[in-house]
Protein chains: 2
Amino acid sequence: MDLALVGIGKIARDQHVPSLDASPDWKLAATISRHGSVDGVEQFTSFEQFLDARQDIRVVSLCLPPVPRFDYAVQAIATGRHVMLEKPPGASVAECQKLLAMARAQGVALYATWHSREAAMVDAARDWLAGQKLRKLTVTWQEDVRRWHPGQDWIWEPGGLGVFDPGINALSIVTKLLPDALHLSAAELITPENRQCPIAAKLRFAHPHGADIRADFDWRKEGDQIWRIEAETDSGRMTLDAGGAQLSINGVPQQSDSAALSGEYPRLYARFAELVASGSCDVDLAPLRHVADAFMIGRREITAPFHE
Amino acid sequence: MDLALVGIGKIARDQHVPSLDASPDWKLAATISRHGSVDGVEQFTSFEQFLDARQDIRVVSLCLPPVPRFDYAVQAIATGRHVMLEKPPGASVAECQKLLAMARAQGVALYATWHSREAAMVDAARDWLAGQKLRKLTVTWQEDVRRWHPGQDWIWEPGGLGVFDPGINALSIVTKLLPDALHLSAAELITPENRQCPIAAKLRFAHPHGADIRADFDWRKEGDQIWRIEAETDSGRMTLDAGGAQLSINGVPQQSDSAALSGEYPRLYARFAELVASGSCDVDLAPLRHVADAFMIGRREITAPFHE
């Protein structure tokens, strides 16, 4: 199936384009971007122009930042296109719910992707946790913003989410491991005095059986980067590391099955092909709701200014 | 039916107790409060003690601030009590969803009340707007925090919502007037440098047909207080004033029908009696979702410190 990719930036080049090239389901038939393009693929700078000129392309994937993405999604759905959304699916929970209602009314597929949920060992971690009594779960998500988000000023602006941009990846895994179990009970949001969004956050969640659930997001980590979820249950310990790519249980590294090894974005695009075939929607807003709750109930602390 | 009231503060004395006294459905049979009590009504200071001692009382109404309220609601639902929640229904969207899931599993009634929706002229305003093409809707909700929230330090703390504590009343009306139509597109949150929550906020909403929707919440208003929603449509103008108690259409004041005149809290308790009779839930989280979205995408401005 032909697909158009909107927003040709770092994530599009690093992940979307290679995954589409390798996919048996998809052909990248057009790009829409003010600045970027992909060699050998028809290029548009105006989305309206694309929608009008290529009515044969019924599927679009949106890799824009969350704030501008909504208007593109509305236009795409209104013209009957199936739509895939990068994470987070929108700037606000209400706008995502509106897109979902629109997609259902139009009968098109809408897929709010959470790429970290497709990391190689997340399913195995979820299967191991299922049915066990959880005592403690600790998320440590610490990376260097200068390394991973160079020049991305939008990420510090209202709606850019700051350290929750990577942190929501952790929350997308946690809400897959423990569906519907958690709600935020307290948060600290550490924000540079010259920025709108936090550079670090500490979260505590309430769990129905009293398990101790915490998350520590920090964008000031130099050297080794940490994307780790550790859990203690009544029968042992697990560490899901490297953003979900590695799993050890009671200290023993686990092997993934071969299907899980295909990679995060190839798995997203395979799932999207299924959704388009059936015209159905997969929009789980739980990670974004937790982030909105953190902004609403979080205690703000101001810290030193951040300059890139 | 016997009912227990938890949290005997200003709102309980001003609204809940008189409404219960006047109700044909309810008898105030117990109070639970660390400090307050009601003459002639059995008084508990511990909720656990109440739950244990008065197993005959199957209905509780919670008038605590939102942050501590959750634990009371969980205990009440877990022991099979029907529960009514003051607004806002919780500190976070996720905790409210958890209460709703618990209530459904237990088969008890859960009612997330929005008292401003029951103001005398709100239904008439909704009926007038229905089917018209909206051009503009402006919310002005300006009051003096010193007059309405004396000594309420919790309202400035994380989860207390600041000026959104009254502002959510306006949003509860707007989401009744225009169900599912809006999502927040931008917000400014003006916050005193010595407080966690905003003292003023300006909101803009996106509307599917491009109507201009704004809200202006301010806690620094002295003199005349303003709780007003104005709308312009293709066929005229309406002003819903005094928090929903007064309506004029094209400058002509409207009369309410007699049922609407019974008062906000009497209407809430009459509705709650219906919900308890059928064991059903009425939990609309749209106003709280808009507030969470405002905290997430709002631009923060720091203003002069606030001292009471």
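Since we're looking at a predicted model, the values are computed, not measured. (Residues numbered from 1 in each chain as written. Chains lettered and ligands numbered in written order. Predicted model: local features only at pLDDT ≥ 70, side-chain atom pairs only at ≥ 80, totals over all residues. Heavy atoms only, no water.)

**Focus on the overall build of chain A**
Counting its secondary structure elements, chain A contains nine helices and 15 strands. Its C-alpha atoms give chain A a radius of gyration of 20 Å, within 12% of the compact-globule value 19 Å for 308 residues. Overall, chain A is about 55 × 45 × 40 Å in size when its C-alpha atoms are taken along their principal axes. Across the 308 residues in chain A, those meeting the buried criterion constitute 57%. Excluding contacts between residues fewer than 6 apart, the proportion of contacts in chain A whose partners are at least 24 apart in sequence is 72%. When the accessible area of chain A is evaluated, it comes to approximately 12,600 Å², of which 47% is carbon and sulfur surface. Within chain A, one finds 32 positive and 40 negative side-chain charges whose respective centroids are separated by 4 Å. (Helix = DSSP H or I, 4+ residues; strand = E, 2+ residues; numbered from the N terminus. Rg over C-alpha atoms; globule rule 2.2 N^0.38 Å. Buried < 20%, exposed > 50% of the residue type's maximum accessible area, 1.4 Å probe, protein only. Contact = heavy atoms within 4.5 Å. Areas by Shrake-Rupley, 256 points an atom, 1.4 Å probe, with all protein chains shown as cover. Lys, Arg positive; Asp, Glu negative; His and termini not counted. Charge placed at Lys NZ, Arg CZ, Asp CG, Glu CD.)

**Section: the sheet that holds strand β15 (residues 299-303) of chain B**
The strands that make up a sheet pair up through hydrogen bonds in the backbone, lying either parallel or antiparallel. Residue and element names in this part refer to chain B. Strands sit in the order β14-β13-β12-β11-β7-β10-β9-β8-β15 across an open sheet of nine strands; the sheet is mixed. Each having just a single partner strand, β14 (252-253) and β15 make up the two edges of the open sheet. As paired strands, strand β12 (residues 236-241) and strand β13 (residues 246-249) are joined by four bridges and run antiparallel to one another. Of the residues in β13, the one forming a bridge with Asp 241 is Gln 246. Relative to the sheet, helix α5 (residues 122-129) contacts β7 (134-142), β11 (226-233), β12 and β13, its axis offset from that of β12 by approximately 165°. (Pairing = 2+ DSSP bridges. Axes fitted to C-alpha atoms, helices over the stretch in contact; angles between N-to-C directions.)

**Some details on the sheet that holds strand β13 (residues 246-249) of chain A**
Residues and elements named next belong to chain A. Reading across the sheet, the nine strands line up as β14-β13-β12-β11-β7-β10-β9-β8-β15 and stay open at both edges, with mixed pairing between neighbours. In this open sheet, the two edge strands, each paired with only one partner strand, are β14 (252-253) and β15 (299-303). Across two bridges, the pairing between β13 and β14 is antiparallel. When the bridges of β14 are listed, Ser 248 appears paired with Pro 253. Of the strands in this sheet, β8 (183-192), β9 (200-206) and β15 are in contact with helix α9 (residues 286-297), which crosses β8 at around 70°.

**Quick notes on the relation of the copies chain A and chain B**
At an RMSD of 0.0 Å, chain A and chain B line up after a rotation of 180° and a shift of 0.0 Å along the axis. Both copies of the chain, as the preceding transformation shows, are related through a two-fold rotation axis. The residues that chain A uses at the interface reappear at the interface of chain B in 100% of cases, marking a shared surface. (Least-squares fit on C-alpha atoms with pLDDT ≥ 70 in both.)

**Brief notes about the nonpolar core**
In terms of nonpolar packing, the biggest core is built from 144 residues, with A:Phe164, A:Leu203, A:Phe217, B:Phe50, B:Phe164, B:Leu203 and B:Phe217 touching the most fellow members. Listed in part, the 24 residues of the second largest apolar core include A:Phe44, A:Phe70, A:Leu100 and A:Val108. (Core = buried A, V, L, I, M, F, W, Y, C linked by side-chain atoms within 4.5 Å.)

**Points about the domain arrangement of chain A**
Residue and element names in this part refer to chain A. Each assigned domain of chain A is listed here: domain 1 (2-112) and domain 2 (119-257 + 291-303). On the domain 2 side, the residues contacting the seven residues of domain 1 number nine residues. Contact with domain 2 buries area across many residues of domain 1, yet Lys 10, Lys 87 and Pro 88 alone supply 55% of it, more than any other trio. For Asp 165, the salt bridge goes to Lys 87, with nearest N and O atoms at 3.6 Å. The tally of links between domain 1 and domain 2 comes to two residue pairs in polar contact (both at pLDDT 80 or more). Grouping the amino acids of the side of domain 1 that touches domain 2 by side-chain chemistry returns five nonpolar, no polar and two charged. (Domains from an automatic or database assignment. Buried area = accessible area lost by both parts, 1.4 Å probe. Salt bridge = Lys/Arg side-chain N within 4 Å of Asp/Glu carboxyl O. Polar contact = N/O pair within 3.5 Å; in protein donor to acceptor, adjacent residues only side chain to side chain. Nonpolar A, V, L, I, M, F, W, Y, C, P; charged D, E, K, R; others polar.)

**Some details on the interface of chain A and chain B**
If you look at the interface, chain A gives 32 residues, while chain B gives 32 residues. Across the chain A/chain B interface, buried area totals approximately 2,600 Å², and carbon plus sulfur atoms make up 55% of it. Counting the contacts that link chain A with chain B gives two salt bridges. At the junction of chain A with chain B, the criterion picks out 13 residue pairs in polar contact (both at pLDDT 80 or more). Counting only elements with at least two residues in the side of chain A that touches chain B, the list comes to α4 (93-106), β8, α9 and β15 of chain A. Counting residues per element, the side of chain A that touches chain B draws most heavily on α9(A), at nine residues.

**Side note on unusual backbone geometry**
Residue A:Lys87 is joined to A:Pro88 through a cis peptide bond whose omega torsion reads -15°. On the secondary structure map, A:Pro88 appears in the loop between β5 (82-85) and α4. Although it is not a glycine, B:Ala242 adopts a positive phi angle of roughly 55°. The class of B:Ala242 is partly exposed, set by a relative accessible area of 35%. The phi angle at B:Asn250 is positive, at roughly 50°, despite the residue not being glycine.

**Here we look at the packing of aromatic side chains**
All names here are of chain A. Across all of its chains, the model carries 20 aromatic pairs over all chains by this definition. Between Trp 26 and Phe 272, the ring centres sit 5.4 Å apart and the planes meet at 20°, which makes this aromatic pair stacked. With Trp 26 in the loop between α1 (10-22) and β2 (27-32) and Phe 272 in helix α8 (residues 264-278), this pair connects stretches of sequence that are 246 residues apart. Comparing Trp 26 with Phe 272, the two get one shared label, buried. Aromatic pair Tyr 111 and Phe 272: ring centres 6.3 Å apart, planes at 25°, arrangement stacked. Of this pair, Tyr 111 sits in strand β6 (residues 110-112) while Phe 272 is found in helix α8, placing the two residues 161 residues apart along the sequence. An identical accessibility class is assigned to Tyr 111 and Phe 272; each is buried. (Phe/Tyr/Trp six-rings, centres within 6.5 Å; stacked < 30°, edge-to-face > 60°.)

**Focus on helix α9 (residues 286-297) of chain B**
Residues and elements named next belong to chain B. The first and last C-alpha atoms of α9 sit 16 Å apart over twelve residues, in line with the 16 Å expected at 1.5 Å per residue. Within α9, twelve of the twelve residues are buried, leaving the element largely enclosed by the surrounding structure. Buried residues of α9: Ala 286, Pro 287, Leu 288, Arg 289, His 290, Val 291, Ala 292, Asp 293, Ala 294, Phe 295, Met 296 and Ile 297, and no others. (Expected span 1.5 Å × (residues − 1).)

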